[in-house]
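Take a look at the letters that make up each chain.
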Amino acid sequence: MPEPVMPDLAALTAKDKPTLWRHGSGSSAETIVGIGEYARFTASGPDRFESLQQQFSAFCSTLRTSGVRAFVSVTFSPVSRYSSVLIVPRVQWHISERGTRVIDLANGTDTILDLPPASPTAPPPAVAQHVLSRTEGDLTGEQFTAAVREAVTRIVAGELAKTVLARDEVIQLDGAVPVGALAQALTEAYPTCWTFYVDGLIGASPEMLVRVTNGEVRSRALAGSAPVTGDLDIDQAASDDLMTSAKDASEHAYAARSIIEVLRTIADVEVSDTHVLRLPTIMHLATDVTGFLTGEHSALQVAGLLHPSAAICGTPRDAAARVLAELEGFDRGPYSGPVGWVDDAGNGEFVIALRCALTEHRDEGDALRLYAGAGIVVGSDPQTELAETATKMLPMQRAIAQVLP
Ligand SMILES: C=C(O[C@H]1C=CC=C(C(=O)O)[C@@H]1O)C(=O)O
C-alpha cells in the first residue's frame, strides 16, 4: 500500500469538501484535516446536540476502526433555519507531535506515519482572485448602535442583566472561497486560537467552550474586551484598565458564572483567577475552568449543556436570547454556536464560533458573511460597542486581504 499523500492545505477549496481544525504552531501544533464526506448527519431544534450524538454513536457502532473523528457545527439558536451538522470525512489526517494517523474510511485503511507526510505542490486552484465589494449586512452599524441603546434601556428597566448583540458584514468575492489559503493565514496570525473550517464556516476563535479528554474537562470563558494597538505602553495601560473596569468585570462575571455553574453539576472543577488574554488585535478578560467529569458525558453533550453561555447570549439566558433575537432581527446560523470535533470515545473539542465568516454561494462568486458581537450591560456605550465589533472582524478581514490582495 503506498504512503498516503497529504493534501496541499493552502490549495484546498470547497470542491474538496474539506474540514479543518488547527491549534498551535510549530512542532506542538495539532491539526485535523478531512477530505470528502463519508457521512453527514443533520439536526435542528432544541434537541440538536443529543440528536447528532445519537446519530454519530449509531454510525460508530458500524465501524471496524476506532478513533474516527467527526467535525461538528451547531447553530446558535434552536429555531435557526440553518441545520446543525456532523461530518465524518472520507479521509482524515490527525497530525500532532506524536505523529500522523491517516484513516481512509472509503478504502478501509488506517495508517500511522512517524512524520507529517510531505504535501505535493498542487497547481493553483481555481478560486477567487479579488474582493468585489464589502458591504454592511442585515444589521447595519447604525441599526446596531440603536439596538445597543434599546438593550441598555431594557437592562436598566430590569428585564435582563446582560445580552450580547451582533452585526454582520458581507465580503463579495469573484470566485470560490480559497478555504485552505485563508485557514493558513488565520493559523499563522492567530496560533493561540483554534482555526476551523466546517461546512462553509471559517474562522479562528479564542474561546474554548469545552474540551473533553478521557474524562478531563476544560473550558475558557471570555468577556470584557479592549483593542490591542501594538504599542506596548498603550496596550499595558488598556490591560490594566480592563482588569479594574467595573463594567467589564460584571460583563465577564456573567459569562464565567454561566460556565462554572453548569460544569459544577457534572464535574469536580477548579476555577482560575480572572486574567487578561492578549491576542494580536484584541484582549479579553479570561477565566479558565478545569476538572474531571463525575459521570459519563461526551464532549458534544457537555457543549450542549454549556451552550448558549453568557459570553454570546446573556443573563438570564432565556430573557437574553429573546431580547437579542428581537433586537438583531437576523438568523445567526452557526455564528456563536459550538464548532469542533468529536471522536467515538466521547472526547472532543468545541470552540465558540467567533471571529468567523460563513460562505454563501452566489452567481457572481462566493460571499463571506462576517459576524461579530459585543456584550451589553449597564453602562455599555453604543459607539464603543460598535468599534469593538469592528475590531472583532479584523482577523477575517485581514486574512481575506492577505490572500486576495
Ligand atoms: C461575541 C463575541 O465575543 C464574545 C467573546 C469575547 C468577548 C466578548 C465581549 O467582550 O463582548 C464577547 O462576549 C464575538 O467575537 O463576536
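Bear in mind the structure is a predicted one, so any value in this text is a computation, not a measurement.

Visitor: Which residues make up the overall build of the protein, and what are the values?
Guide: Helix and strand content of the protein: eight helices and 20 strands. Taken against the 2.2 N^0.38 rule, which gives 22 Å for 405 residues, the C-alpha radius of gyration of the protein at 21 Å falls within 12% of a compact globule. Dimensions of the protein, computed from the C-alpha atoms along their principal axes, are close to 70 × 50 × 45 Å. When burial is assessed residue by residue, the protein has 58% of its 405 residues classed as buried. Considering only contacts in the protein between residues 6 or more positions apart, those separated by 24 or more positions represent 72%. By element, 51% of the accessible surface of the protein is carried by carbon and sulfur atoms, the whole surface being about 16800 Å².

Visitor: Account for the confidence of the model for the protein, with residues named and values stated.
Guide: For the protein, the mean per-residue pLDDT works out to 94, and 96% of the residues sit at or above 70. Confidence metrics for the complex model read pTM 0.96 and ipTM 0.99.

Visitor: Tell me about the UniProt feature "domain: Chorismate-utilising enzyme C-terminal" (unreviewed entry) in the protein, residues and numbers included.
Guide: UniProt's feature table lists "domain: Chorismate-utilising enzyme C-terminal" (unreviewed entry) at residues 142-392, given in the numbering used throughout. Helix makes up 36% of residues 142-392 and strand 37%, with an end-to-end C-alpha separation of 17 Å.

Visitor: How would you explain the packing of aromatic side chains if you had to name every residue and give the values?
Guide: Remark: the centre distance and the inter-plane angle together describe each pair of aromatic rings, the angle taken between the planes. Scanning all chains against the criterion turns up five aromatic pairs. Judged by centre distance (5.1 Å) and plane angle (10 degrees), the rings of Y335 and Y371 are stacked. Placement of Y335 in the loop between α7 (317-328) and β17 (338-343) and of Y371 in strand β20 (residues 365-376) is noted, with a sequence separation of 36 residues between them. Taking the relative accessible area as the measure of exposure, Y335 reaches 2% and is therefore buried. Residue placement shows R69 over the ring face of W341; its charged tip is 4.1 Å from the ring centre. For the cation-ring pair, R332 lies above F76, with the distance from its terminal atom to the ring centre recorded as 4.4 Å.

Visitor: Give a detailed account of the nonpolar core, specifying residues and quantitative values.
Guide: For soluble globular proteins, the rule of thumb is that nonpolar side chains tend to be buried together. Among the nonpolar cores identified, the biggest contains 80 residues, and L86, V88, L165, L263 and F350 are the most heavily contacted of them. With residues up to four places along the chain from it excluded, the contact list for L86 reads A39, R40, F41, L52, F56, A70, F71, V72 and V342. Grouped together as the second largest cluster of nonpolar side chains are 39 residues, L12, V91, C193 and A286 included.

Visitor: Quick one: what's the story with the environment of V212, residue by residue and with numbers?
Guide: Along the chain, V212 falls in strand β11 (residues 208-213). Remark: the alpha-carbon pair of V212 and H297, spanning 85 residues in sequence, is separated by 8.8 Å. If sequence neighbours within four positions are ignored, V212 has contacts with V217, L293, H297, A299, V302, G346, N347 and G348.

Visitor: Go over the pattern of salt bridges with me, naming the residues and quoting the values.
Guide: Scanning all chains against the criterion turns up 20 salt bridges. A salt bridge links K247 to D248, with the nearest nitrogen and oxygen atoms 3.7 Å apart. Overall, the relative accessible area of 22% leaves K247 in the partly exposed class. Salt-bridge contacts for E360 lead to R369; the nearest nitrogen and oxygen are separated by 2.5 Å. For the pair E360 and R369, a shared accessibility class is recorded, and that class is buried. Residues joined in a network through salt bridges with shared partners are D138, D168, E360, R362 and R369.

Visitor: Which residues make up the site of the ligand, and what are the values?
Guide: Taken together, 18 residues lie around the ligand, and S225, A311, Y335, R355 and G373 are the ones closest in. G224 places a polar main-chain atom, nitrogen or oxygen, 2.9 Å from an oxygen atom of the ligand. With respect to the ligand, the side chain of E251 contributes an N or O atom lying 3.1 Å from an oxygen atom. Here the ligand, which alone exposes 400 Å², has 100% of that area covered by the protein. At the level of elements, β12 (216-227), β20 and α8 (382-403) are the ones that each hand at least two residues to the shell around the ligand. Of the residues belonging to the shell around the ligand, the class tally is eight nonpolar, five polar and five charged.

Visitor: Before we move on, could you go through the pairing of strand β4 (residues 84-96) and cite the residues and values that matter?
Guide: Consecutive side chains along a regular strand alternate between the two faces of the sheet. With 12 of 13 residues buried, β4 is to be regarded as a mostly interior element. Pairing analysis gives 11 bridges linking strand β2 (residues 30-43) to β4, with the strands arranged antiparallel. Its bridge partner lying in β4, G34 is registered against Q92. The pairing of strand β3 (residues 69-73) with β4 spans three bridges and is classified as antiparallel. Bridge pairing in β4 links V72 to L86. With six bridges joining them, β4 and strand β5 (residues 99-104) adopt antiparallel strand pairing. Note that in β5 the partner of I95 across the bridge is T100. Taking the residues between adjacent antiparallel strands as the criterion, β4 and β5 are bridged by two residues.

Visitor: Requested: an account of helix α3 (residues 179-189), with residues and values cited.
Guide: Inspection of α3 places V179, G180, L182, A183, A185, L186 and T187 among the buried residues, and these make up the whole buried set. On the buried face of α3, the contacting elements are β1 (18-23), β9 (194-198), β10 (201-205), β20 and α8.

Visitor: So what about the pairing of β9? Which residues, and what values?
Guide: Counting buried residues in β9 gives five out of five residues, a clear majority hidden from the surface. The two faces of β9 match: W194, F196 and V198 on one face and T195 and Y197 on the other face are all buried. Relative to β9, β1 runs antiparallel, the two being bridged by four bridges. For R22, the partnering residue across the bridge sits in β9 and is T195. Sheet analysis places β9 next to β10, joined by five bridges and oriented antiparallel. Across the sheet, T195 pairs through a bridge with A204, a residue of β10.

Analysis parameters
Residues numbered from 1 in each chain as written. Predicted model: local features only at pLDDT ≥ 70, side-chain atom pairs only at ≥ 80, totals over all residues. Heavy atoms only, no water. Helix = DSSP H or I, 4+ residues; strand = E, 2+ residues; numbered from the N terminus. Rg over C-alpha atoms; globule rule 2.2 N^0.38 Å. Buried < 20%, exposed > 50% of the residue type's maximum accessible area, 1.4 Å probe, protein only. Contact = heavy atoms within 4.5 Å. Areas by Shrake-Rupley, 256 points an atom, 1.4 Å probe, with all protein chains shown as cover. pLDDT = per-residue confidence, 0-100. UniProt positions renumbered as here; feature names shortened; annotations may be inferred. Phe/Tyr/Trp six-rings, centres within 6.5 Å; stacked < 30°, edge-to-face > 60°. Lys NZ or Arg CZ within 6 Å of the ring centre and 35° of its normal. Core = buried A, V, L, I, M, F, W, Y, C linked by side-chain atoms within 4.5 Å. Salt bridge = Lys/Arg side-chain N within 4 Å of Asp/Glu carboxyl O. Near = heavy atom within 4 Å. Polar contact = N/O pair within 3.5 Å; in protein donor to acceptor, adjacent residues only side chain to side chain. Nonpolar A, V, L, I, M, F, W, Y, C, P; charged D, E, K, R; others polar. Pairing = 2+ DSSP bridges.

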